[in-house]
Amino acid sequence: MVYAILSAVLYLISFPLTGIDFSLWPIVFVGLVPLFVSLDRAGSMAAQCARGAAWGAIMSLGMGYWLVYAMIWQYGTSVVTAVLFMIFGLALPHALIFTVFSLLYGLLRETKPVFYLLSVPSLWVIMEYSREIIPLLVPWGLAGYALQPWNLFTQMADCTGIYGLSFV
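Residues numbered from 1 in each chain as written. Predicted model: local features only at pLDDT ≥ 70, side-chain atom pairs only at ≥ 80, totals over all residues. Heavy atoms only, no water.

Quick word on a nonpolar patch on the surface
Short version of the rule: By definition, no residue in a patch forms a salt bridge, and every one has over 30% relative accessible area; like charges are joined within 9 Å, nonpolar side chains (Val, Leu, Ile, Met, Phe, Trp, Tyr) within 5 Å. Each accessible area value is a Shrake-Rupley result obtained with a 1.4 Å probe; residue values ignore everything except the protein chains displayed when judging cover. Salt bridge, as applied in this entry: a Lys or Arg side-chain nitrogen positioned within 4 Å of an Asp or Glu carboxyl oxygen. Every helix listed is a DSSP run of H or I at least four residues long, and every strand listed is a run of E at least two residues long, numbered separately from the N terminus. Exposure classes here rest on a 1.4 Å probe applied to the protein chains alone. A residue is buried below 20% of its type maximum, exposed above 50%, and partly exposed in between.
Judged by side-chain polarity, V79, V80, V83, L84, I87, F88, L92 and L96 come together as a nonpolar surface patch covering roughly 730 Å² of accessible area. Here V79 lies in helix α5 (residues 79-108). Taking relative accessible area as the criterion, V79 reaches 51% and is therefore assigned exposed.

Next comes the structure, spelled out in structure tokens:
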């Protein structure tokens, strides 16, 4: 579980902070490795689900931290309403999506390198796409968005879109 939490934190710090024109975007290339190690070392499907859910919840709360401020100070909602929204509107749906990811990862897992080169990125892109097409989910924090500071990947997005960057 520690690797899954570490992976979520590494993933989060690869995106720029609000108001700062600086990011550690190269970390996105290795930020998911601890998650996959954690999923590989999980002893059961329940452990895989818990690790995927923890990763999804931490990632969504880290990406949407600014919503609490906006809801309380800009829209005048109560702290309880803001916290409930963060839990049920962000953390829970993303936890469920990445629980499904971890289940599919466990069911499709093989020891061949082709699995890690093609199947895992494809599965990751499907989960990112589902975050965008399912109503009321927030499509923030797609892996390809972290690569925005590097012009080579920005040019690649002309042909492949954000999902091609996430696949890389």
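Here's the deal with empty space enclosed by the protein
Our working definition: The distinction between a cavity and a pocket rests on a 1 Å grid over the protein atoms alone: a 1.4 Å probe fits inside a cavity but cannot get out, while a pocket stays open yet meets protein on both sides within 12 Å along at least five of seven lines, and a residue with an atom within 4 Å of a point counts as lining. Grid points are joined across faces, edges and corners, and a volume is the space filled by probe spheres set on the points.
Within the structure shown, the criterion is met by one cavity of 30 Å³ or more. Volume-wise, the largest cavity comes out at about 40 Å³. Considering the residues around the largest cavity, the lining is formed by M59, S60, M63, L90, H94, R131, V138 and W140. Among the elements that line the lining of the largest cavity, the one with the most residues is helix α3 (residues 45-63), at three residues.

Focus on the side chain of S130
Keep this limit in mind: We call two N or O atoms a polar contact when they sit within 3.5 Å, provided that within protein one can donate a hydrogen and the other can accept it, with sequence-adjacent residues counted only if both atoms are side-chain atoms. The contact criterion used throughout is that any non-hydrogen atoms of two residues lie within 4.5 Å.
Tracing the sequence through the fold places S130 in helix α6 (residues 113-133). A relative accessible area of 15% places S130 in the buried class. Reaching out from S130, the side chain makes a polar contact with the backbone oxygen of M127 at a distance of 2.7 Å. Leave out the neighbours within four places in its chain, and S130 touches I97 and L137.

Looking at the packing of helix α1 (residues 2-13) against helix α2 (residues 33-41)
This is how it is decided: What counts as an axis is a line fitted to C-alpha atoms, over the stretch in contact for a helix, and the angles between N-to-C directions run from 0 to 180 degrees. Note on angle classes: values under 35 degrees are labelled roughly parallel, values over 145 roughly antiparallel, values of 65 to 115 roughly perpendicular, and the remainder oblique. Working rule for handedness: look at the near helix, and if it is turned counterclockwise from the far one by less than a right angle, call the crossing left-handed; if clockwise, right-handed. Ten residue types, Ala, Val, Leu, Ile, Met, Phe, Trp, Tyr, Cys and Pro, are classed as nonpolar, four, Asp, Glu, Lys and Arg, as charged, and the remainder, Gly among them, as polar.
Remark: α1 packs on α2, axes separated minimally by 7 Å, with the N-to-C direction vectors making an angle of 160°. On the basis of the axis angle, α1 is roughly antiparallel to α2. In the crossing of α1 with α2, the sense of the turn from one axis to the other is left-handed. The segment α1 lies against α2, with Y3, A4, L6, S7 and L10 engaging P34, L35, V37, S38 and R41. For the contact of α1 with α2, the residue count by class is seven nonpolar, two polar and one charged.

Regarding the packing of aromatic side chains
Heads up, the rule is: Aromatic pairing here means that ring centres of Phe, Tyr or Trp (its six-membered ring) are within 6.5 Å. Orientation follows from the plane angle: under 30 degrees is stacked, over 60 is edge-to-face, and everything else is tilted.
Using the criterion set out here, one finds eleven aromatic pairs in the structure. An aromatic cluster of three or more residues is present, and its members are Y11, F15, F36, W55, F98, F101, Y105 and W124.

As for α3
As a reminder of what qualifies: Take the number of residues in a helix, subtract one, and multiply by 1.5 Å to get its expected span.
The first and last C-alpha atoms of α3 sit 27 Å apart over 19 residues, in line with the 27 Å expected at 1.5 Å per residue. Of the residues making up α3, those classed as buried are Q48, C49, R51, G52, A54, W55, G56, A57, M59, S60 and M63. Taken together, the buried residues of α3 touch α1, α2, α4 (66-74), α5 and α6.

Quick word on the nonpolar core
Put simply, the rule reads: To define a nonpolar core, start from buried Ala, Val, Leu, Ile, Met, Phe, Trp, Tyr and Cys residues and group those joined through side-chain atoms within 4.5 Å.
Core analysis: the largest hydrophobic core is formed by 27 residues, its most contacted members being Y11, L35, W55, F101, Y105 and W124. Ranked by residue count, the leading element in this core is α6, at five residues.

A closer look at α6
To keep it simple, the criterion reads: Note on bend: at a given residue it equals the angle between the axes fitted to the 7 residues ending there and to the 7 starting there.
Here α6 contains 21 residues, and its C-alpha end-to-end distance of 30 Å stays within 8% of the 30 Å for a straight helix at 1.5 Å per residue. Along its length, α6 shows its largest kink, about 30°, at S119, and proline P121 lies within four residues downstream of that point. Taken together, the buried positions of α6 are occupied by F115, V120, P121, L123, W124, V125, M127, E128, S130 and R131.

Some thoughts on the environment of M86
Considering the arrangement of structural elements, one finds M86 in helix α5. Separated by 25 residues in sequence, M86 and L61 have C-alpha atoms that sit 7.0 Å apart.

Observations concerning the confidence of the model for the protein chain
The test is simple: Residue-level confidence of the predictor is summarised by pLDDT, bounded by 0 at the bottom and 100 at the top.
When pLDDT is averaged along the protein chain, the result is 82; 92% of the residues meet or exceed 70. Helix α7 (residues 151-167) is the least confidently modelled element of the protein chain, averaging 70 in pLDDT, while α3 averages 90, the highest of any element.

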